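Fold and contact review
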Amino acid sequence: MKFDFKSLGAVRPALTIVNARRHDIKGPVWINADLLPGPGNKPTAIPANEFLSASSLFPEATLSIGWTTIRKQADYGLKYTLTLVQDMYNLVRHLPQPVTFPVRAEQFRDSLDEFDWLLQQSRGYTLTIWTSHGDNVTKADMDFTKKRFERSRVYFDLPDELRPTF
């Protein structure tokens, strides 16, 4: 079960309900929000510290903590820089929960060294590669990604036609 939060006002009520029904939940729970500006420096809608505080209402959840992004279009230099990745690490490094980092596929391939560094910081970290309609991503890009990283450390949240071959 994945909660994709777009506003802080929804976080506490949703997690309070989930916590009250925890005995009925048979699988993992992921709670997702974009907490830091990413490639393109789009502002965030959810304050990071308040979201992380609210996430303690359901401490068994995997935190899916990402960056805001924009489409690459003709900006071929748009990528996750080491500074962006280190800022994220500094935000999450003391969290006890597992963390997956949602990463926009279109900008991922130009940021491989940065994400290698991030995954080396903790075995509790994974990546979730996603795309948006109109992004310039190919199945070959995703097959490359699958081969480049340890299989248990990368998830793919993609349309069928882009999912890598396993």
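Anyway, here's the lowdown on the structure attached to this text. If you're wondering where the values come from, they're calculated on a predicted model, not measured in any experiment.

Among the secondary structure elements, K42 is positioned in the loop between β2 (30–37) and α2 (48–55). In the structure, K42 is positioned 41 residues away from T83 in sequence and 16 Å away in space, judged by C-alpha atoms. Leave out the neighbours within four places in its chain, and K42 touches P37, T68, T69 and I70.

Here the focus is the pairing of strand β4 (residues 99–104). Counting buried residues in β4 gives six out of six residues, a clear majority hidden from the surface. Looking at chain direction, strand β3 (residues 62–68) and β4 are connected through two bridges and run parallel. Along β4, the bridge assignment pairs S64 with T100. The parallel pair β3 and β4, bridged by helix α3 (residues 82–92), forms a crossover whose chirality is right-handed. Examined bridge by bridge, β4 and strand β5 (residues 125–130) share six bridges and lie parallel to one another. Bridge assignment links R104 to a residue of β5, and that residue is W130.

This part covers the nonpolar core. Core analysis: the biggest nonpolar cluster contains 47 residues, and W67, F101 and F115 have the highest contact counts within it. The element contributing the most residues to this core is α3, with six residues. Those residues in contact with F115 that lie beyond four places of it in its chain are W67, Y80, V85, V103, F108, L127 and F149.

A positive phi angle is found at N41, which is not glycine, with a value near 60°. Residue N41 is classed as exposed on the basis of its relative accessible area, which comes to 57%. Look at Q73: it is not a glycine, yet its phi comes out positive at around 45°. One can find Q73 in the loop between β3 and α3. Among the residues examined, Q73 registers a relative accessible area of 56% and is labelled exposed.

Looking now at the packing of aromatic side chains. Applying the stated rule across the entire model yields twelve aromatic pairs. With a centroid separation of 5.0 Å and an interplanar angle of 65°, the aromatic rings of W67 and Y80 are classed as edge-to-face. With a gap of 13 residues between them, W67 in strand β3 and Y80 in the loop between β3 and α3 connect regions that are remote in the sequence. A single burial state applies to W67 and to Y80, both of which are buried. Three or more aromatic residues joined by ring pairs make a cluster, and in this case those are W67, Y80, Y89, F101, F108, F115, W117, Y125 and F149. The ring of F144 carries R109 above its face, with NZ or CZ at 3.9 Å from the centroid.

Cut-off values and rules
Residues numbered from 1 in each chain as written. Predicted model: local features only at pLDDT ≥ 70, side-chain atom pairs only at ≥ 80, totals over all residues. Heavy atoms only, no water. Helix = DSSP H or I, 4+ residues; strand = E, 2+ residues; numbered from the N terminus. Contact = heavy atoms within 4.5 Å. Buried < 20%, exposed > 50% of the residue type's maximum accessible area, 1.4 Å probe, protein only. Pairing = 2+ DSSP bridges. Right-handed = clockwise from strand over helix to strand, strands pointing away. Core = buried A, V, L, I, M, F, W, Y, C linked by side-chain atoms within 4.5 Å. Phe/Tyr/Trp six-rings, centres within 6.5 Å; stacked < 30°, edge-to-face > 60°. Lys NZ or Arg CZ within 6 Å of the ring centre and 35° of its normal.

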